[in-house]
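Tertiary structure, described
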Amino acid sequence: MLESIGWAIFSLIVYPGLLFSFILGGFYDWVKRKIEARAQSRRGPPWYQSYADFFKLMFKEQIIPVTASRYMILAPFISLASLLLALLIIPFGFVNPPVSFMGDLIVLIYLLAVPSFTVVLAGSSSSSPYGSIGASREISLLIAEELPFVISILSPAIVVGSLNFSEIVNYQLNHTWFLILNPFAAVALFICLIAKLSLRPFDIPEAEQEIVAGPYTEYGGPLYGIFTLSNFVKWVIMGALFSSLFLGGGDGLPSPWNVLWFLVKITLVVIVMALIHVANARFRIDQAFKWYLTGILGLSFAGLILAIIMV
């Protein structure tokens, strides 16, 4: 009992928790910025720029509008806490995650929905018109992408016959990747992850050319630094989620090769997302809403039907 609690605490703080996700997520944020700069014929930032931006925010003065509610302070901490808890459920290269129980996949879905609600909470409680517009866009985008997101995640679970994350990874060790078995669900989930990372063409809630920074307009200093840290962690989680569900995780390799191979998969997923971000213009919110509730929802239902046929 004490050993399992100690392992969970280590996983929460070190690997794949706060420390590891900060380092790797900051690197992925730099990769995205570097690819974007190269596409625009710019040199781009140095490798340490994302970390420097974070520490600069953490040591700046915190200013909160007098008309803002107290929920503006709570929002970034709730977002970070939910993401750190989600890290414990995903098997990062290992067969079994730090925390595993029957139905942990459902808990993961709920935990990954929390950051979007905190963005809505941040924008609506900041007393800024830009924040309110960004919050309304975020909730519209969440309504559009959450249904195909959930269906795409549950499609592998239907084939395996279990809502336990580790059993889904184990199934792929004995068969093949779900990317091959169910490409419809894989593509639908991948596009939903782009929206959850607020990458183009779905960076509508924080469109800087239109509404400054949307829900984050009134944020600065340490509170915005916590949101930046949450974004770092989100990079790692979204890549790990796709790699575990559809790319076989660590493929059952012996340690430490399973972890290294898993990190290679996450990096490839992040690079593809960054390339999509660079190659696309931003959708309007009505375009994104229609796109998700027609094409992507159709893809996810195709994946669901294929999963039922496989069963």
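Residues numbered from 1 in each chain as written. Predicted model: local features only at pLDDT ≥ 70, side-chain atom pairs only at ≥ 80, totals over all residues. Heavy atoms only, no water.

Summing up its helical and strand segments, the protein has 13 helices and zero strands in all. The linear arrangement of helices and strands in the protein, starting from the amino end, is α-α-α-α-α-α-α-α-α-α-α-α-α. Along the first, second and third principal axes, the C-alpha set of the protein runs to 55 × 45 × 40 Å. Burial statistics for the protein: of 311 residues in total, 53% are counted as buried. Summarising the internal contacts of the protein: among those between residues at least 6 apart in sequence, 79% fall at separations of at least 24. (Helix = DSSP H or I, 4+ residues; strand = E, 2+ residues; numbered from the N terminus. Buried < 20%, exposed > 50% of the residue type's maximum accessible area, 1.4 Å probe, protein only. Contact = heavy atoms within 4.5 Å.)

Tallying each qualifying case throughout the model produces eight salt bridges. The partner of E146 in a salt bridge is K196, and the shortest N-O contact between them spans 3.1 Å. A residue pair is termed long-range when its members are at least 10 positions apart, and E146 in helix α6 (residues 129–160) and K196 in helix α9 (residues 183–196) qualify at 50 residues. Of the two residues, E146 and K196, neither departs from the other in class, the shared state being buried. Residue R284 pairs with D286 through a salt bridge whose shortest N-O separation is 3.0 Å. With a relative accessible area of 42%, D286 lands in the partly exposed category. Beyond isolated ion pairs, a larger network of salt bridges with shared partners links D29, R33 and D53. (Salt bridge = Lys/Arg side-chain N within 4 Å of Asp/Glu carboxyl O.)

Their axes nearest at 11 Å, the elements α9 and helix α11 (residues 221–246) cross at an angle of 175 degrees. As far as their axial angle goes, α11 and α9 are roughly antiparallel. On α11, the residues that touch A185, A186, L189, F190, L193 and K196 of α9 are K234, M238, L241, F242, L245 and F246. A breakdown of the residues in the contact of α9 with α11 according to their chemical character gives ten nonpolar, no polar and two charged. (Axes fitted to C-alpha atoms, helices over the stretch in contact; angles between N-to-C directions. Parallel < 35°, antiparallel > 145°, perpendicular 65-115°, else oblique. Nonpolar A, V, L, I, M, F, W, Y, C, P; charged D, E, K, R; others polar.)

Before going further, it helps to spend a moment on α6. Every α-helix carries 3.6 residues per turn, so stepping three or four residues along brings you back to the same face. In this model α6 runs 47 Å from its N-terminal to its C-terminal C-alpha over 32 residues, within 8% of the 46 Å that 1.5 Å per residue would give. The largest bend in α6 is about 35 degrees, located at E145, with the proline P148 one to four residues further on. Of the residues flanking the start of α6, the one acting as N-cap is S128, its side-chain oxygen 3.2 Å from the backbone nitrogen of Y130. G161, located one to two residues past α6, shows a positive phi value of around 80 degrees. (Expected span 1.5 Å × (residues − 1). Bend = angle between axes of the 7 residues up to and from the residue. Polar contact = N/O pair within 3.5 Å; in protein donor to acceptor, adjacent residues only side chain to side chain.)

As a further point, take the packing of helix α3 (residues 49–58) against α11. Relative to each other, α3 and α11 sit at 150 degrees, their axes nearing to 7 Å. Here α3 is positioned roughly antiparallel relative to α11, judged by the angle of their axes. Pair α3 / α11 crosses with left-handed handedness. Taking contact as the criterion, the partners of S50, F54, L57 and M58 in α3 are, on α11, G221, P222, Y224, G225, I226, T228, L229 and F232. Partitioned by chemical class, the residues of the contact of α3 with α11 number eight nonpolar, four polar and no charged. (Left-handed = near helix turned anticlockwise from the far one by under 90°.)

Relative to the helices and strands, S244 resides in helix α11. Judged by relative accessible area, which is 0%, S244 ranks as buried. Separated by 154 residues in the primary sequence, S244 and I90 have C-alpha atoms spaced 7.5 Å apart. Among residues more than four places away in sequence, those in contact with S244 are I90, P91, F165, V169, Q172, G249 and F262.

Moving on, we come to helix α5 (residues 104–125). Over its 22 residues, α5 runs 31 Å from end to end, which matches the ideal 32 Å to within 8%, given 1.5 Å per residue. Where α5 terminates, the next one or two residues include S127, which has phi positive at roughly 60 degrees.

This part takes up the environment of Y219. Counting through the fold element by element, Y219 comes out in the loop between α10 (208–211) and α11. Note: C-alpha distance between Y219 and T294 (75 residues apart in sequence) is 35 Å. Filtering out sequence-adjacent residues up to four positions away, Y219 remains in contact with M72, A75, P76, A122, Y224 and F227. Within the structure, the side chain of Y219 is placed 2.6 Å from the backbone oxygen of M72, a separation counted as a polar contact.

A few words on unusual backbone geometry. With an omega dihedral of 0 degrees, the bond running from Y15 to P16 counts as a cis peptide bond. Residue placement: P16 occurs in the loop between α1 (2–13) and α2 (18–39). Of the consecutive residues R200 and P201, the connecting peptide bond is found in the cis state with omega at 10 degrees. Tracing the backbone shows P201 in the loop between α9 and α10. Even without being glycine, S41 reaches a positive phi, approximately 60 degrees. Within the secondary structure, S41 is located in the loop between α2 and α3. Positive phi, normally seen in glycine, also occurs at S127, with a value near 60 degrees. If you trace the backbone, S127 turns up in the loop between α5 and α6. Given a relative accessible area of 38%, S127 falls into the partly exposed group.

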